[in-house]
Amino acid sequence: MREKRQDELEDELPGEQAEEWRPQRYAWPDSTPTVTLCITRGRSVGKTHQLTKQRASIGSIGGNADMQIDDPETSALHCAVAITDNGVRLYDLDSVNGTYVDDVPVQVADLEELSTFRIGSTEFVVWIAVTT
């Protein structure tokens with residue numbers, strides 16, 4: 001059986017229900033979201049970092065990154081995660097080994113709740129909590 005595309009589903013729903021069904025990907029309420037990064041693979045499994053400012057850098061131990069991880073395949077300042085007006089965004093900081101979302105190399109990528117990204121051999125999952 002063929003799966004229906006999102007626009008087909010929206011056409012089947014009455015106006016108000018369609019609006020409720022549509023994901024609110026970047027609609028922050030009046031408060032700033034809480035973003036937490038959790039390492040799910042690599043030497044630092046279980047380590048978490050809650051963003052306490054609009055932008056946080058990630059890099060190897062001994063560098064000047066906000067979140068330092070034990071991974072020799074990462075640069076001192078490897079990537080950064082930022083809370084923007086449009087959502088949560090990941091930036092590669094000209095790292096040697098690259099930053100990957102779904103195993104695709106990226107320079108800039110938008111992240112959603114439960115997105116995963118990888119630097120070196122370390123994989124992260126993103127948790128976004130919005131309180132009103």
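Just above, that's the structure.
Every value quoted in this text rests on a predicted model; they were computed, and no experiment measured them. Just so you know, the residues in each chain are numbered from 1, in the order the chain's sequence is written. Predicted model: local features are reported for residues with pLDDT of at least 70 only, side-chain atom pairs are reported and counted for 80 or more only, and whole-chain, interface and lining totals are derived from all residues. Water and hydrogen atoms were dropped before computing side-chain values, which therefore reflect all heavy atoms in the structure.

K.L.:
When you look at the overall build of the protein chain in this model, what are you seeing that I'm missing?
P.N.:
When helices and strands are counted, the protein chain shows two helices and eleven strands. Elements are defined by DSSP. Helices are runs of H or I of four residues or more, strands are runs of E of two residues or more, and each kind is numbered from the N terminus. The helix and strand sequence of the protein chain, counted from the amino end, reads α-α-β-β-β-β-β-β-β-β-β-β-β. Throughout, a contact is declared for two residues whenever any of their heavy atoms are within 4.5 Å. Pairs at least 24 residues apart make up 38% of the contacts formed inside the protein chain by residues separated by at least 6 positions. In the structure as shown, the protein chain presents an accessible area of about 8100 Å², 47% of it carried by carbon and sulfur atoms. Under the convention used here, a 1.4 Å probe and the Shrake-Rupley method define accessible areas, while residue burial counts only the protein chains that appear.

K.L.:
Sorry, what's going on with the packing of aromatic side chains here?
P.N.:
Two numbers describe a pair of aromatic rings. These are the distance of the centres and the angle of the planes. Classification of ring pairs rests on two measures: the distance between centres of Phe, Tyr or Trp rings, Trp counted by its six-membered ring, which must be within 6.5 Å, and the angle between planes, read as stacked under 30 degrees, edge-to-face over 60 and tilted in between. Within this structure, the stated rule accounts for one aromatic pair. When the centroid spacing of 4.7 Å and the interplanar angle of 10° are considered together, the rings of Phe-117 and Phe-124 count as stacked. Like Phe-124, Phe-117 is buried. Over a ring means this: the NZ of a Lys or the CZ of an Arg is within 6 Å of the ring centre and within 35 degrees of the ring normal. Its end group placed over the ring of Tyr-91, Arg-55 keeps NZ or CZ at 5.5 Å from the ring centre. The ring of Tyr-100 carries the charged tip of Arg-118 above its face, separated from the ring centre by 4.3 Å. Think of it in three bands: with a 1.4 Å probe and only protein chains considered, a residue is buried below 20% of the maximum accessible area for its type, exposed above 50%, and partly exposed in between.

K.L.:
How should I be thinking about the environment of Glu-123 in this particular structure?
P.N.:
Structurally, the position occupied by Glu-123 is in strand 11 (residues 122-129). Sequence separation between Glu-123 and Ile-39 is 84 residues; the distance between their C-alpha atoms is 5.7 Å. Residue contacts for Glu-123: discarding those within four places in its chain leaves Cys-38, Ile-39, Thr-40, Arg-41, Thr-116, Phe-117 and Arg-118.

K.L.:
Is there a simple way to think about the nonpolar core in this case?
P.N.:
As a rule of thumb, nonpolar side chains are buried together in soluble globular proteins. Of all hydrophobic cores here, the largest spans 22 residues; its most connected members are Val-35, Leu-37, Ile-58, Val-81, Leu-90, Phe-117 and Phe-124. Elements that contribute at least two residues to this core include exactly strand 1 (34-41), strand 3 (55-60), strand 4 (67-69), strand 5 (79-84), strand 6 (87-92), strand 9 (108-111), strand 10 (116-119) and strand 11. Non-local contacts of Leu-90, meaning those with residues more than four positions away in its chain, are made with Cys-79, Ala-80, Val-81, Thr-99, Val-101, Val-106, Gln-107, Val-108, Ala-109, Leu-111 and Phe-117. Remark: nonpolar core denotes a set of buried residues (Ala, Val, Leu, Ile, Met, Phe, Trp, Tyr, Cys) joined through side-chain atoms within 4.5 Å.

K.L.:
Even after reading the chapter, I still don't get the sheet that holds strand 5, so can you show me in this structure?
P.N.:
Neighbouring strands of a sheet are bound in pairs by backbone hydrogen bonds; such pairs are parallel or else antiparallel. Here we have five strands laid out as an open sheet, ordered 4-3-5-6-9, and mixed in their pairing. This sheet does not close on itself; its edge strands, each paired only once, are strand 4 and strand 9. The sheet shows a mean angle of 20° between the axes of neighbouring strands, taken without regard to direction. Two strands make a pair as long as DSSP finds a minimum of two bridges between them. Angles run from 0 to 180 degrees between N-to-C directions of axes, and those axes are lines fitted to C-alpha atoms, restricted for helices to the stretch in contact.

K.L.:
Explain the side chain of Asp-92 to me, please; I cannot follow it from the model alone.
P.N.:
Within the secondary structure layout, Asp-92 lies in strand 6. Working convention for charge: Lys and Arg count positive, Asp and Glu count negative, and His plus the chain ends are omitted. Definition used for salt bridges: Asp or Glu carboxyl oxygen within 4 Å of a side-chain nitrogen of Lys or Arg. Among buried charged residues, Asp-92 stands out as having no salt bridge; its nearest opposite-charge side chain is Arg-55, 10 Å away. Within polar-contact distance, the side chain of Asp-92 engages the backbone nitrogen of Asp-94 at 3.0 Å. In this structure, Asp-92 is in contact with His-78, Cys-79, Gly-98, Thr-99, Val-106 and Gln-107, ignoring residues within four places of it in sequence. Think of a polar contact as two N or O atoms within 3.5 Å of one another; within protein, one of them needs to be a possible hydrogen donor and the other a possible acceptor, and neighboring residues in sequence only count if both atoms come from side chains.

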